[in-house]
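Architecture and fold: a report
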Amino acid sequence: MALREALTLLCSLAVVCSSGNHESCELKPGLFDSLTGDLKVAAECSDDSSLQWSSEQAAEVLIHMRNLTERLQKRQLKECQEAEPKMCQQPEAPSNGGLACVTASNKRYCKPICDSGYDFSFLRRSRLFEECGEQTNYRWSSLYVGGNRLAVCNKAALQISSRPSAYFTKDCLTTKSSSEQWNTTMEVLLKELKDEGVTGNPTYHCLLCGRP
Ligand SMILES: *[C@@H]1O[C@H](CO)[C@@H](O)[C@H](O)[C@H]1NC(C)=O
Ligand SMILES: *[C@@H]1O[C@H](CO)[C@@H](O)[C@H](O)[C@H]1NC(C)=O
């Protein structure tokens, strides 16, 4: 039986395959491993001539990458939406950086962190966190007026506007992709909150990465 017929047969048996393109995803276990494996090889081949794609092919790759990037980023930004207190809107993660957030004593705390090579536009050495809770009328404290923007990360040769813990070793997604680095970032945040006298059992830990 031809592959296509086999797939069609499988799909007619399975309710999950109701839409046109759906089956190729459902029927591809290990897609994550093969995709990230191939992408890594392509991304890390430093000699551009070894990416022997025509300009047409390169454009097609860019289309699919753009689509996936947008969808994955959208989903990433939804990950912390359940956090309490619900009356606080989700703050905007800065481009070229991110926000590490937890909830404690009915308040949401978010610490802006810039990627390596970027720095905050305002001095914030004594202001590691922004917060949202009853005392702030469920709006975000911020050096920026109005809205949910907590920080801006600008390209900079020196990182001097905040404390060393407010910068990623590399970048937000690299930290997020490693459970060890994620854990370290959170542990540092929890210690800093404790040092500032924030009590209560922290919940809804979340690391949000901004758009690149
Ligand atoms: C990605 O592609 C799918 C399938 O073609 C399409 O439905 C979706 O709108 C695209 N999304 C973006 C963000 O381009
Ligand atoms: C970090 O890892 C340690 C050891 O596995 C664990 O006890 C701790 O709860 C983790 N921290 C967070 C914030 O998840």
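Basis of the calculations
- Residues numbered from 1 in each chain as written.
- Chains lettered and ligands numbered in written order.
- Predicted model: local features only at pLDDT ≥ 70, side-chain atom pairs only at ≥ 80, totals over all residues.
- Heavy atoms only, no water.
- Helix = DSSP H or I, 4+ residues; strand = E, 2+ residues; numbered from the N terminus.
- Buried < 20%, exposed > 50% of the residue type's maximum accessible area, 1.4 Å probe, protein only.
- Contact = heavy atoms within 4.5 Å.
- Near = heavy atom within 4 Å.
- Polar contact = N/O pair within 3.5 Å; in protein donor to acceptor, adjacent residues only side chain to side chain.
- Areas by Shrake-Rupley, 256 points an atom, 1.4 Å probe, with all protein chains shown as cover.
- pLDDT = per-residue confidence, 0-100.
- Pairing = 2+ DSSP bridges.

**So, the overall build of the protein chain**
- Counting its regular elements, the protein chain contains six helices and six strands.
- Residues classed as buried in the protein chain amount to 30% of the 212 residues present.
- Within the protein chain, contacts between residues separated by at least 24 positions form 65% of all contacts whose residues are at least 6 apart in sequence.

**Structural notes on the site of ligand 2**
- Around ligand 2, a shell composed of Trp182, Asn183, Met186, Glu187 and His205 is seen.
- Residue glutamate 187 places a side-chain N or O atom 2.6 Å away from a nitrogen atom belonging to ligand 2.
- With the chains in place, 41% of the 360 Å² that ligand 2 exposes on its own is no longer accessible.
- When residues of the shell around ligand 2 are assigned to their parent elements, the largest contribution, four residues, is made by helix α6 (residues 179-195).

**What to know about the environment of phenylalanine 122**
- Following the sequence through the fold, phenylalanine 122 ends up in the loop between β3 (118-120) and β4 (130-132).
- Accessibility expressed as a relative area gives 39% for phenylalanine 122, which makes it partly exposed.
- Distance in space between the C-alpha atoms of phenylalanine 122 and tyrosine 144 is 9.7 Å, their sequence separation being 22 residues.
- Beyond its immediate stretch of four places on either side in the chain, phenylalanine 122 contacts Leu143, Tyr144 and Ser161.

**A look at the confidence of the model for the protein chain**
- In this model, the protein chain carries an average pLDDT of 86, and 86% of its residues clear a pLDDT of 70 or more.
- Confidence scores differ between elements of the protein chain, with helix α1 (residues 3-13) showing the lowest mean pLDDT of 42 and strand β1 (residues 97-104) the highest of 97.

**As for the pairing of β1**
- Of all eight residues that make up β1, eight are buried, and the element is covered over most of its length.
- Because side chains alternate across β1, one face comprises the buried residues Gly97, Leu99, Cys101 and Thr103, and the other comprises Gly98, Ala100, Val102 and Ala104, equally buried.
- In the sheet, β1 pairs with strand β2 (residues 107-114) via eight bridges, with the strands oriented antiparallel. Considered in β2, the bridge of glycine 98 is made with isoleucine 113.
- Here β1 folds back onto β2 in antiparallel fashion, the turn holding two residues, of which serine 105 has a positive phi close to 45°.
- Taken together, the five bridges between β1 and strand β6 (residues 203-209) define a ladder with antiparallel strand orientation. Looking at β6, one finds that leucine 99 is bridged to leucine 208.

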